[in-house]
Amino acid sequence: MRKNLLKIQILQMNKKSFKDISWNVDEATYREDTALSYSTLARFEREGFNNLDKLFDKIETSSLTFGSAVDSIITGGKEEFDSRFLVAEFPPIPDSIIKVVKLLFSEFGVTHRTLKSIPDIEVIGFASQCDYQNNWKPETRAKVIKEKGEEYYNLLFIAGDKTILDTQTYQDICKAVNALKDSSSTKFYFAPNNPFEPDIERFYQLKFKGIFDGIEYRNMADLIIVNYKEKWVKPIDLKTSSHTEWDFYKSFVDWKYDIQARLYAAIIRQNMDKDEYFKDFKLLDYEFIVINRKTLVPLVWSCPFTYAVGTLKFGRNEQIIMRSPFVIGKELSNYLSSRPTVPLEIEENGSNDLRKWLNTL
C-alpha cells in the first residue's frame, strides 16, 4: 500500500495539469469575449448574410434549457445547478408565452406585481414584438398570455437571475444525468477522478483561445480526458438531442457540429503545441456523447474527420457540404468588420450572372 502511494506521489509530481494550458477565466468573461465561437460560426453558416444583424441575439428554448441543465449537473455538480436554476411546480406553458412574459417582467416587474395588472395594450405590443399568434384578435392574445403566464410571472420575482424549471422537466433532467453516469457506454467518461488512478484525469469546461490567419477564436470544451501514461488527450462534447441517440448524425448535419469538432480540436491542438509538456501528447478525434430525454440510451459518436482540412462533402450525391470553420470565420470576420450592403460576390453596381447562382442551389 505504501509503495503504491509513493508511486502515485511521484507521478503527481512529474505531471503537469492540462488546466495549466487553458484560458483560465470565468464563464461570464468567456461569454463577453469578442473572439469568434462555434455557435456564432454555425449560426452564420445556417442563416447566412440575411440574418447577420441577429447573429448575436440570445436564443432561449425549452430544449436548450434542458441541455444546459443536464450540462450543469454533469460538469459542475448539483451546487452549480442550484446556483443557476430554480425548480418549481407550475403548469407547463409554451416557449412562445414564456418569451413574452419574460419581456413583460423585464419592463414592468418593478411597477406591476401581477401579470393581469399590466394593461392589455402593453401585453399586445410585446406579443407582436415576439410574433406571438399575430393571426389572433389582439384581445384574445392578451387574455391567453395573462391566463397561461400569470404563475410564471409570479415565479420570476422569486427566481432572480435563475432559470425556472418545472418539476417534470427536473425529473427528466435527473433521469438523463443518471443514464449518462450509469450506462456502460458512457460511465467511464463521467466517472469521478480517482486518486488511485493518477494516469487518468478528467477536466470539465476548460476554455481555450487560438488565432488562425489573424482571426481570434475561442472554445469551451464540455469534457477533456487526459491519459498521462499513454500520452493522449480525448476531447468530448455532451449533447441532449431531440433526435433519438441513433439518429444523431441528422442533428450533426442540422446544427453544423462538424464546425465545432474541427474548430475545437484545432484550438486545443494549437495550445498543446505551444507547451513543452503536452506538445508530444496525441489529441484524439472529437467525440460526441448524445442523450435523448425520452429514450435515455446514451451513445458515443466519434468524428473521424476531426483533422480534415478544407471543404468536406457527404451524402449519396455529395449534397451535404461542410466548409472549413476557418473559411467561414474569415468570411464572417470580413462581414463584421466591413458591413457590406450585399453578400460577397454579389455585384451591387453591376450585373449578376443567374447561371452562376442557380448552380449553387
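Predicted model, so just to flag it, every value in this text is computed and none were measured.

*Asks:* Got a minute to help me understand the overall build of the chain in this structure?
*Replies:* For the chain, the helix and strand inventory stands at twelve helices and ten strands. On the principal axes, the C-alpha backbone points of the chain span a range of 75 × 60 × 40 Å. Residues counted as buried form 44% of the 361 residues belonging to the chain. When contacts within the chain are restricted to residue pairs at least 6 apart in sequence, long-range pairs at least 24 apart make up 67% of them. Carbon and sulfur atoms form 51% of the exposed surface of the chain, whose accessible area is close to 20400 Å². Computed over 50 positive and 52 negative side-chain charges, the inter-centroid distance for the chain is 4 Å.

*Asks:* So what exactly am I meant to see when it comes to the packing of aromatic side chains here?
*Replies:* The relation between two aromatic rings is expressed through the spacing of the ring centres and the mutual angle of the planes. All told, the structure shown has 36 aromatic pairs when counted by the stated rule. Among the aromatic residues, those joined into a cluster by ring pairs are Tyr38, Phe248, Tyr249, Phe252, Tyr257, Tyr264, Tyr286, Phe288, Trp301, Phe305 and Phe314. Stacked on the ring of Phe188, the Lys or Arg Arg202 has its end atom at 4.9 Å from the ring centre. Just above the ring of Trp23 sits the side chain of Lys209; from NZ or CZ to the centre is 4.6 Å.

*Asks:* Is there a simple way to explain the pattern of salt bridges in this structure?
*Replies:* Tallied over the entire structure, the rule returns 23 salt bridges. In this structure, the salt-bridge partner of Asp275 is Lys16, at a minimum N-O distance of 2.3 Å. Of this pair, Asp275 sits in the loop between α10 (257–273) and β6 (282–283) while Lys16 sits in the loop between α1 (2–14) and α2 (27–32), and the two are 259 residues apart along the sequence. Given the relative accessible area of 9%, Asp275 is considered buried.

Parameters at a glance
Residues numbered from 1 in each chain as written. Predicted model: local features only at pLDDT ≥ 70, side-chain atom pairs only at ≥ 80, totals over all residues. Heavy atoms only, no water. Helix = DSSP H or I, 4+ residues; strand = E, 2+ residues; numbered from the N terminus. Buried < 20%, exposed > 50% of the residue type's maximum accessible area, 1.4 Å probe, protein only. Contact = heavy atoms within 4.5 Å. Areas by Shrake-Rupley, 256 points an atom, 1.4 Å probe, with all protein chains shown as cover. Lys, Arg positive; Asp, Glu negative; His and termini not counted. Charge placed at Lys NZ, Arg CZ, Asp CG, Glu CD. Phe/Tyr/Trp six-rings, centres within 6.5 Å; stacked < 30°, edge-to-face > 60°. Lys NZ or Arg CZ within 6 Å of the ring centre and 35° of its normal. Salt bridge = Lys/Arg side-chain N within 4 Å of Asp/Glu carboxyl O.

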